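Results of the structural survey
Here is how the chains run, residue by residue.
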Amino acid sequence: MRISLNWLRELVEIKLSPEELAETLTMAGFEVEDIEDRRTWANGVVVGKVLERQPHPNADKLSVCQVDIGAGETLNIVCGAANVKADMYVPVATTGTYLPNIDLKIKPAKLRGVPSQGMICSLKELGLPTDVDGIHIFTQENLPLGSDVRPLLGLDDVILDLTATANRADALSMVGVAREVAALTGGKLSIPEPGEVSISKSTGNFTLKIADTQACPAYIGTVIEQVKIAPSPEWLQQRLRAAGVRPISNVVDITNYVLLEWGQPLHAFDRDRLKSVASSENLTIGVRFVNNGESLKTLDGQTRNLATQNLLITANDKPVALAGVMGGEETEVHEGTQSLVLEAALFDSVAIRRSSRSVGLRSEASGRYERGVNRAELEIANRRALSLISELASGILVQQEIADTRPDPSTWSRSIALRLDRVNQILGPIDLGEDTGELQEQDVERILTALGCQLTPSEEDSSHQPTWSVSVPPYRYRDLEREIDLIEEIARLYGYNRFCDTLPEKSEGGYLPLDEELIRKLRAFLRAEGLTELIHYSLVKPGEERQIVLSNPLFAEYSALRNDLIAGLVDAFQYNLEQGNGALNGFEIGQIFWREEDGFQETEALAGIIGGDRTVGKWSTSGREEPITWFEAKGILESVFRQLALEVEFQPDRRDDRLHPGRTASLWIRGNRLGIFGQLHPQLRREKGLPDSVYVFQLDLDVLLESVGQDEILVPAFHPYSTYPASDRDIAFFAPVKISVSEIQKVITKASKDLLESVELFDEYRGENVPEGQRSLAFRLVYRASDRTLTEAEVEPVHNKVREALVEKFGVNLRS
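Below is a summary of the structure that appears in this document. Note that the structure is a prediction, hence the values are computed from the model and not measured. Throughout this description, residue numbers start from 1 for each chain and increase along the sequence as written. Restriction of local features to residues with pLDDT of at least 70 applies here, the model being predicted, together with a cutoff of 80 or more for giving and counting side-chain atom pairs; totals for whole chains, interfaces and linings are based on all residues. Side-chain calculation: all heavy atoms of the structure are included, whereas hydrogens and water are not.

Our focus in this paragraph is a nonpolar patch on the surface. The patch calculation keeps residues exceeding 30% relative accessible area without a salt bridge and links them within 9 Å when they carry like charges or within 5 Å when they are nonpolar (Val, Leu, Ile, Met, Phe, Trp, Tyr). Methods summary: accessible areas were calculated by the Shrake-Rupley approach with a probe of 1.4 Å, and residue burial reflects only the protein chains presented. Basic side-chain nitrogens of Lys or Arg form a salt bridge, by our definition, when they fall within 4 Å of a carboxyl oxygen of Asp or Glu. Where nonpolar side chains cluster on the molecular surface, the patch consists of Y537, L539, L554, F555 and Y558 and spans about 590 Å² of accessible area. Within the secondary structure, Y558 is located in the loop between β31 (548-549) and β32 (560-561). Strands here mean DSSP runs of E at least two residues long; helices mean DSSP runs of H or I at least four residues long; both are numbered from the N terminus.

Listed below in structure tokens is the structure:
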């Protein structure tokens, strides 16, 4: 909120400089984001009178003016504005003046051969918004020549751009900020108290009908006749401009002025237009929620299709405004308005927030209703507006109707028990210079009294420490609810910087949980294989089976929780290809979610995608692509498993229709399903425009971590190696195609007992001289002992056992 210091000084005594006040407010929790010193915008600009205007001899669009600035000598000024004339008072920037808004320093100059000793200014050149194309002309008569123009234009002011926290709805008004400044600085408050207004008639053809009293607990409607719409006086326009509000007309400006002053949104309807919408002389203003199919054209010119959560103001049940958000264009005040209906109402913050969000419209009014408008000062703000309308628009108040279901005013305040020892326990010691101390009884009473609270001493408890019953003022009812809230206020106003900085006497070294250590190791292993870690949103498009859909999504594209990681990786691979970044080789660790019959489930998964040509340069292949093969991609996973000391079994799998049915394997560890690995299905690859060799995997991270020998991975143990030579044997045979190599390796390992060091497949052949339905496999078996050199007599019996086991188990046809 933009705070005019000139306006604020009328409400509270201020002895601080603008910079000191900004620092004080910021330290108290009201961040001042900017200090706009308007005094610099027209420093050196004075009031001048144009005595004579002559055409420029060498330019059609320029004129030569003789201007009196009360200095005894008239100035010769060349001016390019079309609206400059003799006998008018104008702002004149004298020689040496700097205008920061246009970054111009006035110097003596010659324009088309004619000397110019200054510049006649427009409002834009002085930093003020205007619709006038030309110089500014003062409407006042007999202005003292040479006097400072800043008081006349409202430029003798400083604007503080202040941000209030969400709990401080009271600070979205000049009165609220004035109360805060008074509490912080001890300045005297001078808040205007509008007097009672007289209503000429007590009854008429105007009534109220509030259908939902919870959404609208109070509504005051006032009929005003004989209104004269005109521009607002200059003082009112200047205050609105300082607050960043564009002046429109006296009635509309008054509602905006009271909104800024008291934080109470108001709305003025044209009564004749209301009757036209209602199609009746008898007018009933109502408040209700939308019926299906209703729409409204708001003041911004947009026709909005309304939802059932929108709260409406109606005229004889026809929509005329979005309650608490924005009025309707059909009933707005205009130049020909002669009678008004002024609305001053309280609306439920939740109802306004939902209504505003459903139509995507946020206004100054809705922003205040969402935080909570002060219910105790509704009548004061209404009287303030009515008195200004009577004064500035000559309005006559003819009828006022009130619908009020607020609780009894005695309940608008609350009493909170406060203990001095609890205050000091929470806040700690205060800095007294060379010594430290505690907050005293008088400190607490001074601070809370300055905030408008009333303190009544209570009986001392067993600790003999002072306690109070604190009565909270109605305008702080929403955010002062508990003892801790009062303690926070004490700390805020006493000054956070006046409390001692204390640190724990002793700190212990931290450590990571074992699972986190293992995950970090796992990340390092994957990066070492050339995979980049990726991070995606957990929110995805809906439409998948067993998906969890959000009840209040921000966007339709992000309205469900992901139930796997592969889809996001495929989209990322496609995006990188389209952006010309080449194949993406990456992995992701993240949460996945799904729906079961017994509720929602969640787990952490590891997934990856591998594809394209992984070589750095292609000169050795004459620029040809060398796509990664299934076995190379599988080898990346196996390398990671090897570093984790895991024995993972690959089994054929066809359950995921996104993957190639003949090139997909499920992964198992000791009978537990770990995950899946495979090549993308050709149909999906064509749809996404991906290369042929793209492989994905997804692993259950919980199963993986449970299977890892944690200590061995985190702190590798030394295993001695044999200093004796190995003895290797080759074995070749025909085996049925349906028998996997992993099954054969298991039988070989089991039969060879402890002498076998390694077994490796080094040849596979299918074709001529191989029986149909079979393939030729050749394995190299390496035997080694740690304490001796093996002899032929020791190796041969073991090797024969391997041969016999293969024949017995699989019926292979041995070739060697």
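Formed by 90 residues in total, the largest nonpolar core has its most connected members in L8, L160, Y219, I313 and F347. Here a residue-residue contact requires only that any non-hydrogen atoms of the pair lie within 4.5 Å. Beyond its immediate sequence surroundings of up to four residues, I313 is in contact with Y219, F269, I285, G286, V287, K318, P319, V320, A321, A323, E343 and F347. By size, the runner-up hydrophobic cluster in this structure holds 34 residues, among which are L522, I589, L701 and L705. Remark: nonpolar core denotes a set of buried residues (Ala, Val, Leu, Ile, Met, Phe, Trp, Tyr, Cys) joined through side-chain atoms within 4.5 Å. Burial classes: relative accessible area under 20% of the type maximum marks a residue as buried, over 50% as exposed, and values in between as partly exposed (1.4 Å probe, protein chains only).

What follows deals with the packing of aromatic side chains. Think of it this way: a Phe, Tyr or Trp ring, Trp meaning its six-membered ring, pairs with another when their centres are within 6.5 Å, and the plane angle makes it stacked under 30 degrees, edge-to-face over 60, tilted otherwise. Per the counting criterion, the structure on display carries 10 aromatic pairs. Ring centres of F347 and Y369 lie 5.1 Å apart, and the angle between their planes is 70°; on these two criteria the pair is classed as edge-to-face. Taken together, the positions of F347 in the loop between β22 (340-346) and α8 (349-358) and Y369 in helix α9 (residues 364-371) put the pair 22 residues apart, joining distant regions of the chain. Its relative accessible area of 3% is what places Y369 among the buried residues. Centre to centre, the rings of Y537 and Y558 are 5.7 Å apart; their planes meet at 75°, and the pair counts as edge-to-face. You can see Y537 sitting in the loop between β29 (532-533) and β30 (539-540) and its partner Y558 sitting in the loop between β31 and β32, a full 21 residues away along the chain. Here Y537 falls in the exposed class, since its relative accessible area comes to 65%.

Moving on to helix α15 (residues 566-578). Given a helix with a known number of residues, its expected span is that number minus one, times 1.5 Å. With 13 residues, α15 extends 19 Å from end C-alpha to end C-alpha; this agrees with the ideal 18 Å at 1.5 Å per step. Taken as a whole, α15 has its buried residues at I566, L569, V570, A572, F573 and Q574. Structurally, α15 contributes buried residues whose contacts are with β33 (586-596), β34 (599-611), β37 (672-680), α17 (682-688) and β38 (694-700). Of the residues flanking the end of α15, it is G580, one or two places downstream, whose phi is positive at about 80°.

At a minimum axis distance of 10 Å, the contact between helix α5 (residues 234-242) and helix α6 (residues 250-262) shows a crossing angle of 55°. Classified by the interaxial angle, the pair formed by α5 and α6 is oblique. Crossing of α5 over α6 shows left-handed handedness. Taken together, the residues of α6 that come into contact with α5 (itself represented by W235, L236, R239 and L240) are D253, I254, N256, Y257 and L260. Across the contact of α5 with α6, the residue classes break down as 6 nonpolar, 1 polar and 2 charged. Between N-to-C directions, angles cover 0 to 180 degrees, with each direction set by a line fitted to C-alpha atoms, over the stretch in contact for helices. The labels follow the angle: roughly parallel below 35 degrees, roughly antiparallel above 145, roughly perpendicular from 65 to 115, and oblique for the rest. For any pair of crossing helices, the crossing counts as left-handed if the nearer helix is rotated counterclockwise from the farther one by less than a right angle, and right-handed if it is rotated clockwise. Only Asp, Glu, Lys and Arg are considered charged, only Ala, Val, Leu, Ile, Met, Phe, Trp, Tyr, Cys and Pro nonpolar, and every remaining residue, Gly among them, polar.

Sheets are built from strands that pair by backbone hydrogen bonding, the pairs being arranged parallel or antiparallel. If you walk across this open sheet you meet the 3 strands as β24-β28-β27, and the pairing is antiparallel. Of all the strands in the sheet, the pair left with one neighbour each is β24 (415-419) and β27 (454-457). Put simply, the sheet's adjacent strands are angled 30° from each other on average, direction ignored. Contacts from helix α11 (residues 420-427) reach β24 and β28 (467-471) within the one sheet, and its direction differs from that of β24 by about 70°. Along the sheet, helix α13 (residues 483-494) makes contact with β24 and β28, crossing β24 at roughly 65°. Strand pairing is assigned whenever DSSP identifies at least 2 bridges connecting the two strands.

So, about the sheet that holds β22. Here we have 4 strands laid out as an open sheet, ordered β15-β22-β14-β23, and antiparallel in their pairing. Since the sheet does not close on itself, it has two edges, and those belong to β15 (266-270) and β23 (396-404), each with one partner. When the angles between neighbouring strand axes are averaged without regard to direction, this sheet yields 20°. Judged from the 5 bridges that link them, β15 and β22 form a sheet pairing that is antiparallel. Each bridged residue has a counterpart across the sheet, and for F269 the counterpart in β22 is V341.

So, on to the side chain of D443. With respect to the helices, strands and loops of the structure, D443 is situated in helix α12 (residues 441-450). When its relative accessible area of 15% is taken as the criterion, D443 is described as buried. A polar side-chain atom of D443 sits 3.0 Å from the main-chain amide nitrogen of Q440. Polar contact criterion, stated in full: a pair of N or O atoms within 3.5 Å, where within protein one must be able to donate a hydrogen and the other to accept it, and residues adjacent in sequence count only if both atoms are side-chain atoms.

A few words now on the pairing of strand β6 (residues 89-94). With 6 of its 6 residues buried, β6 lies for the most part within the structure. Neither face of β6 is exposed, since Y89, P91 and A93 on one face and V90, V92 and T94 on the opposite face are all buried. Pairing of strand β3 (residues 45-55) with β6 involves 5 bridges; the strand directions are antiparallel. Following the sheet pairing, K49 is matched in β6 by Y89.

When you line up the elements, G495 lands in the loop between α13 and α14 (514-528). For G495, a relative accessible area of 10% corresponds to the buried category. It is 7.2 Å that separates the C-alpha atoms of G495 and M27, two residues lying 468 residues apart in sequence.

On to the environment of L172. Take L172: it is sitting in the loop between β12 (158-163) and α4 (174-185). We classify L172 as buried; its relative accessible area is 13%. Along the sequence, L172 and R371 sit 199 residues apart, while their C-alpha atoms lie 9.4 Å from each other. In contact with L172, not counting residues within four places along its chain, are M1, L259, G263, G367, R368 and R371.

Honestly, it's all geometry; don't read function into it.
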